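Per-entry structural report
As a plain string of letters, each chain reads:
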Amino acid sequence: MGDWFQTIVDVEVGAEDAEHFAAEVRDWLISAGIVLSERTDCVLGAQVGHPPGPAAGQALEDPSEDDGWQRLWTKGLDITVGRAVFDAGQGEVEAVTCPHCAKELRLVDACWQLIDEAWAPFREVLTDWPEGLDGVIACRFCERPVEPTAWLWADDHLALGQLGFTFWNWPSLKQDFVDEIGRRLGGHRTALLAGKL
Ligand SMILES: [Zn+2]
């Protein structure tokens, strides 16, 4: 059985504020009892994370859902600060939309293979981002330049950002909870990625 994850990514926060907002949301999650403050070995991709707290159910769409997930080894919250490409994992990203003209560019063909000519510029943007480079490319429809974090990826398959909250093996997070985190992130735009490892 694979491990399932949901990641809330702040796609607007800058490097100088990421740590501040990470602490803000972490403190709130702890004081609300959604996660515990003491970190343990309960996440993937990092050494330690915050295990679920007594009020973890408040973050869930269906709090009555079997709490079997809490008996799993991997059940914690990992907070990532710093430039990262968050990826929902399996499969290719279907399309990307320009934030200016709202036109969608398909990135895969009918067989779900990446269309190399469409994908190549984005591949570069994604490679550059974690290395500290802002690959600003122009939309091919309206020709306006687009910041790397501003592209809208179909189904929130990808997100580029400097702050992410990954909940490992938690049942579906409820929309109110995701919205509340967005508010506590200063109203920044967020993406919610879900995937499986
Ligand atoms: Zn455009």
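First, a word on scope: everything that follows refers to the structure included in this document.

As a further point, take the overall build of the chain. Helix and strand counts for the chain stand at 3 helices and 9 strands. Listed by position from the N terminus, the elements making up the chain come as β-α-β-β-β-α-β-β-β-β-α-β. Taking 197 residues into account, the globule formula puts the C-alpha radius of gyration at 16 Å, and the chain, at 17 Å, falls close to it. With the C-alpha coordinates of the chain rotated into their principal frame, the extents come out at 50 × 40 × 30 Å. In the chain, the share of contacts with a sequence separation of at least 24, taken over all contacts with a separation of at least 6, comes to 70%. Surface exposure of the chain reaches about 10,000 Å², of which carbon and sulfur atoms provide 48%. With 15 positive and 34 negative side-chain charges, the chain shows a separation of 2 Å between the mean positions of the two kinds.

Looking now at the pairing of strand β1 (residues 4-10). The element β1 is largely enclosed, with a buried count of 6 among its 7 residues. In this structure, β1 lies alongside strand β9 (residues 190-196), joined through 7 bridges in antiparallel fashion. Following the sheet pairing, Val-9 is matched in β9 by Ala-191. In this structure, β1 lies alongside strand β8 (residues 158-168), joined through 6 bridges in antiparallel fashion. By the bridge assignment for β8, Val-9 is matched with Gly-164.

For the structure shown, the criterion picks out 8 aromatic pairs. Ring geometry for Trp-119 against Trp-153: centres 6.4 Å apart, planes inclined by 70°, an arrangement best described as edge-to-face. Note that Trp-119 is positioned in helix α2 (residues 116-128) and Trp-153 in strand β7 (residues 152-153), a separation of 34 residues in sequence. Neither residue differs from the other here; Trp-119 and Trp-153 are each classed as buried. Taken together, a centroid distance of 5.6 Å and an interplanar angle of 75° make the contact between Phe-122 and Trp-153 edge-to-face. With a gap of 31 residues between them, Phe-122 in helix α2 and Trp-153 in strand β7 connect regions that are remote in the sequence. With relative accessibility at 3%, the residue Phe-122 sits in the buried group. The ring of Trp-129 carries Arg-83 above its face, with NZ or CZ at 3.9 Å from the centroid.

Here we come to the layout of surface pockets. The space that makes up the largest pocket amounts to roughly 260 Å³. If you trace the largest pocket, you find 14 residues lining it, with Thr-7, Thr-80, Phe-86, Thr-166 and Trp-168 closest to the centre. Elements with a minimum of two residues in the lining of the largest pocket: β1, β2 (77-87) and β8. Per element, the largest residue contribution to the lining of the largest pocket is 6 residues, and it comes from β2. For the lining of the largest pocket, the residue count by class is 8 nonpolar, 4 polar and 2 charged.

About the criteria used
Residues numbered from 1 in each chain as written. Predicted model: local features only at pLDDT ≥ 70, side-chain atom pairs only at ≥ 80, totals over all residues. Heavy atoms only, no water. Helix = DSSP H or I, 4+ residues; strand = E, 2+ residues; numbered from the N terminus. Rg over C-alpha atoms; globule rule 2.2 N^0.38 Å. Contact = heavy atoms within 4.5 Å. Areas by Shrake-Rupley, 256 points an atom, 1.4 Å probe, with all protein chains shown as cover. Lys, Arg positive; Asp, Glu negative; His and termini not counted. Charge placed at Lys NZ, Arg CZ, Asp CG, Glu CD. Buried < 20%, exposed > 50% of the residue type's maximum accessible area, 1.4 Å probe, protein only. Pairing = 2+ DSSP bridges. Phe/Tyr/Trp six-rings, centres within 6.5 Å; stacked < 30°, edge-to-face > 60°. Lys NZ or Arg CZ within 6 Å of the ring centre and 35° of its normal. 1 Å grid on protein atoms, 1.4 Å probe; cavity = no way out; pocket = protein on both sides within 12 Å on 5 of 7 lines; lining within 4 Å. Points joined across faces, edges and corners; volume = space filled by probe spheres on them. Nonpolar A, V, L, I, M, F, W, Y, C, P; charged D, E, K, R; others polar.

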